[in-house]
Every structure is written in structure tokens, then in C-alpha cells.
Amino acid sequence: MEGSRLPRYVGKIHPNCDYIHGQIPPARGVKCWQVTRANPVHPEWEDGVGYTYKHAPDLCWFHGKFYIQYLTNPVGEHTGAGLSILASSADGAHWGDFTVSFPHYRIPACQVTDYKGLTHTFTGESYAFMHQRMCFYQTKDGRMLVLGFYGWSPDPTMVNWDNYGIGRVVRELYPDGSLGDIYFICPNWQGGWSEELLQYPLYQKCPDKSFVAACEELLADPLATQQWAEENGDKLDIITVKHPENDTYQAFCWYHIDQDTVIGLWKHSYCARSNDNGKTWGPVQKSYSLVMSGQKVWGCRTSDGRFAMAYDPTLETQHRYPMCVTTSQDGLDFDHMLLVCGDLSEKRYPGMWKDFGFQYMRGIAEGLERPGKDLYLTYSVNKEDIWFAQIPVPITGEETGDVHDDFQTDAPLAQWNLYSPLWARAEWTEQGLRLSDKDPYDYCKAERVLPLSAQCQASLTLTPEQNGTGCLYVEFCTPSGEAALRLVFRADGKLYARTTAELPVASYQAGQPLELHFQIDCETFQYTLALNGKPLLRQIPTLDGEMEAEEKPLRFMRAANAVSRLVLRTAPAAHTPTLDMDPEETPAAPLPGAEEPVEECAFLVHRLDFTCTKPGE
């Protein structure tokens, strides 16, 4: 029946997870920026704490800034003294003002008995860790509450839900970015934690009565509090959707189809529907066409009136990639799977339950102010770095016209996809789009979606800032991401073409602009290359025994029926992890040199012109 329909994926595209990008074509114009890069040796270069486990970020926009809160532990999940960090950014690309929003919580010496009759003894020497599904709530009068959850586990392999939590805490985020005092808004009474054992007062004790009213507005919002069901348990009246026996529905998010119809989404493909604005719900059911595991899913209405669902479309839970987005006209039938991010930094530090890949993605929840028209996400990578993504709306993976991008201004950047770690930045400068890299274990990438072409010509003008370190890969790729042709600027000062082998074709100089002109033919799997207007030539004998020069065609590095994007990247593409690698064993020790940058290389991109002379099939 129409009133009971649930979301489903009606597309035919599924990722090939032997590739990190899944061979999924990208959504055009996506920007992925690293927020913080774990560094235990130089915490001053990141969030000031230096823990190597960072996870569960959440996102809001408040008084002209993005805010992300994430949790962090010394090494792994459910271990060590954890805390939460709040960071802010005016543009999503540059993050700072890292602040401990919920500090270490020392559990007092005590004995508690939970509702299951289990008694737990604490010596006063142990600490809680953070575990929160949601972090922000904005009241109807515009106040912003920041929330966290202090939990503990009798064993690291046990999740701190229901009777193993201490409780949920709250404080106010003020317009200037400062934070108010911490209070408990929802202690885990069923876990045995009486008021006298709590390290912070109950919110009702706050002398600011408007703050108390803000907390009570949150407690009266069943969609917001449904996000608390795992940690606080479902015994509370404020939890509308109860858990099945001996199981939990995890990481709830929701979106409205209309004023009364709400779709709820959980991990592991679970969905439910409310036709009365979240007061009551139909049965929670698995939508098997939504291929996902334990990585979270984010669904929302987008600014164009359509709907988007961001998730990792894989049944693997230890290999969480690629991160994709699907779209829907009605919020029920989702299609047009596109790639959000398929570039994965190497996991640098060991730790318990640090799965590979992109995970725990969240956008700006309903009820929070949203800036502009784009879709914004935050997510963790390998559970050790925090990232932010901007997805242009309307969401599309197509380019139908010729391309003429001149980076004298930053206007063309809107059409480019950027992958920009902190130590390998892709950003516009007055000299052009600058691709730099000083990260020993990552790279930066700029990618331009092009019209699907079987025959085309392209001109790319760029300037290397050096010719003795680093490299730049220039690739024209197929819709599924294979490089049809590749040039490489290498650290020996030479430009190489990858044909049947990698062959030097020219030298390049630091600070000297170079125009690369391509004539590409996917029917013969060949292209010609001219450098600063001079074609590559070869000498051939004539009938009278003389030698004459002719333009030299170069072979593709693989057969391709069409090309549809230009990729510029400062290192070889990531091909690990593979599905055979175990994140509990990889890496076995911190990767050497991960805390120190290497010598920087950089390339300036000035202009790209691309013309399709024969469309791809």
C-alpha cells in the first residue's frame, strides 16, 4: 500500500569493491576536505589532543560557521579515557578553533547495580569514553545545544549501550563559539547511576531557566531523542521506536517526505515509516535493495526538493568503501548512484575496531539551520581522521557541454572535484588551482567531469613549482575510473607517457608554464601530444631514402571506448586496502614517518579546454 511504502534502491549499478572507488562515476563538483589528521607526535598540528582514534562526527551550521563535533580515544574503540572535540570553519575547507567540548570523565569509586541485576564496581581510577550518535540540537528560538554521551564497557568488545552508559550530557554553544557549563540531560538511571554519583549536575539545576526550557524542548522532540535509543536504552518514554529482543536498531536518522510522513533509516538497511510526524511508526523492516552494513546511512531532503541518501553500498563491514550518494524524486525510489569519495588515505595507526574506509557519515539534521543549497556531510576515515564533504545540488554526474576553465578566478572550481588532505591541498590561488603534497601516505587530487567522448581534443596549461621532488599524474579516464591515457611528471625533471611502457617524452623546468595539447581517439586507442604548440615528432624514411618528421601518435595504456573525466593527482592512485586485508592486523604498528611531512611538491593548473568531436556510446 502507498501509505506503507519504504525506501528502496531501484538502480542497477552496484560497486565493484575490489576498487576503493567501486568503479562508480563521481558526482560532479564534490569537494572533500580533511578536518583533522591524527598525529600523536605533534598534537599541536591537529586538535591538540593527539589521540589516534577519531570517530562519529556530527555537523551543524551556526552563526556563519560550520561546527563538527567528534569523539576521540587514545588508540581504539571503547578503550582509554575518551573525550569530544569541537571544531569550526567558515568555508568547510579550513578548520580551526579545536576545543575539548566534553572532557575526560573520571568514574568515581562506587558500586552500581543495573536494571538487569548486574553489579559493577569502580575503583576511582577508570575513565569513561565518549559514544554519541548525535551532537547538535537547535531550538525554535535559535539556541544551539551540544550533546555527548559518557559510556563505559566491562570489556572492550562490549558496546556501551543501555546499562553500560553513565549518561548523556549537554551544554550550550553560544554565537561567538564559546561553550556553557556541562549538565546531564539524560542520565542512565537504569544503569544504576544515581544523581549523587554524577560528576555534573542535572540540567534542571541550571540557573538559566531559558537553558532549562531549551533542554525540555529537546526532550519533547521524539525524532531527535530517537537518536539516543542505543546508549540510553529504549526503556524511556521519549524513545518511540523500541528495540527488538536481544538486538538494537542503530544510528537513526530521518527525513520528511511531506508534513506528516517521516522516513526513518538505521544501519544494516533497516527502515520504518511514520504517517503522523513521528508520533507512531510502522514496523521496522529491512529494505534489502539498500545494500549497506554497519557504516551508517544519511538520508535527507535536498534544497531542490529531491532527496539524497549517502552511504557505503557494500555488505562488508570491515571494508567501508566506496562512499556514494543516490537520489530520489519522491524519497522512496532511489537511483543514479554516484561517487562521493573513492580516494582513501592509508591507515597509519593500529587500534581496535578501526575499520577501513569512509564511515559514520552525517549531514545537517532537520531542524538545524542549513547554509546555501548544497549538501554537506562529515565522516570519519579509518576511524583516525575526520573529513568534510560538499556535494553540489542538484546532484549530477554529467557534463554535456565543452569545457573552458580559466583559473584566473575561482569560478571554474565549482565544477571540479577535489580531494584535499591537510598535507596535500587542492585549492585555488591567484596563480591558479594549486595542487600540493607533503604527505608521506596520501595525495591530493583534482578531477573534472567531461562530456562522454570517443574522440576529443584537450589543452591543459600548468606550471610545476619544482622539478626535483614529487610527481603529478595526468589521466583521462573512463566512466568507471580506468586511466585510458596517462602522463606523469616525475621527480627527475622529465615528463613520461605511459603507453606500452612508461617512456620519457620531454623535460620540464620549475616555474616554466607548459601547455599539453591532446588529440584523443578511442577508436584507435591512440592520441597525439603537443607541448607548448610543438607536436611530438618521429623520423620516418621516405621513398627516396631521406628522413622526414611526422607527428608521433602514442598508444593508450588500456583500451577504452570513451573518456569522461580528467584526473590530476600527486601520487599513484590508492589500491589498498584490499578485501583480503584485516583492519585488526593492518597496520600492526604505526607507519614509520607518518607524523612528519616530506618535502613539498606543487603544481599550478591555469586552464583546461576540452572539446568533444565524437560523443561516446
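Quantities reported herein were computed from a predicted structural model and do not represent experimental measurements.

Asker: Please provide a residue-by-residue account of the overall build of the protein chain, values included.
Answerer: Within the protein chain one finds three helices and 42 strands. Computed over C-alpha atoms, the radius of gyration of the protein chain comes to 26 Å, within 12% of the 25 Å expected from 2.2 N^0.38 for 617 residues, which places it in the range of a compact globule. The principal-axis extents of the C-alpha atoms in the protein chain amount to approximately 100 × 55 × 45 Å. Across the 617 residues of the protein chain, 59% fall into the buried class. Sequence separation of 24 or more characterises 62% of the internal contacts of the protein chain that already satisfy a separation of 6 or more. Total accessible area on the protein chain stands at roughly 23,600 Å², and carbon and sulfur atoms take up 50% of it. Side chains of the protein chain give 52 positive and 81 negative charges; the mean places of these two sets differ by 2 Å.

Asker: Explain the pairing of strand S5 (residues 83-89) to me, using residue names and the numbers behind them.
Answerer: Most of S5 sits inside the fold, with seven of its seven residues counted as buried. Judged by which residues are buried, S5 turns out to be covered on both faces: Leu83, Ile85, Ala87 and Ser89 on one side and Ser84, Leu86 and Ser88 on the other are all buried. Summarising the sheet, strand S4 (residues 65-73) and S5 pair through seven bridges and their orientation is antiparallel. Bridge assignment links tyrosine 70 to a residue of S5, and that residue is isoleucine 85. Bridge count for S5 against strand S6 (residues 96-102) is four bridges, and the pairing is antiparallel. Note that in S6 the partner of leucine 86 across the bridge is threonine 99.

Asker: Would you mind going over the nonpolar core in detail, with residue names and values included?
Answerer: Core analysis: the largest hydrophobic core is formed by 113 residues, its most contacted members being Ile166, Trp193 and Tyr379. Every residue in contact with isoleucine 166, bar those within four places of it in the chain, is listed here: Tyr105, Ile107, Ala128, Phe149, Tyr150, Gly151, Trp152, Phe184, Pro187, Asn188, Trp193 and Leu198.

What counts and what doesn't
- Residues numbered from 1 in each chain as written.
- Predicted model: local features only at pLDDT ≥ 70, side-chain atom pairs only at ≥ 80, totals over all residues.
- Heavy atoms only, no water.
- Helix = DSSP H or I, 4+ residues; strand = E, 2+ residues; numbered from the N terminus.
- Rg over C-alpha atoms; globule rule 2.2 N^0.38 Å.
- Buried < 20%, exposed > 50% of the residue type's maximum accessible area, 1.4 Å probe, protein only.
- Contact = heavy atoms within 4.5 Å.
- Areas by Shrake-Rupley, 256 points an atom, 1.4 Å probe, with all protein chains shown as cover.
- Lys, Arg positive; Asp, Glu negative; His and termini not counted.
- Charge placed at Lys NZ, Arg CZ, Asp CG, Glu CD.
- Pairing = 2+ DSSP bridges.
- Core = buried A, V, L, I, M, F, W, Y, C linked by side-chain atoms within 4.5 Å.

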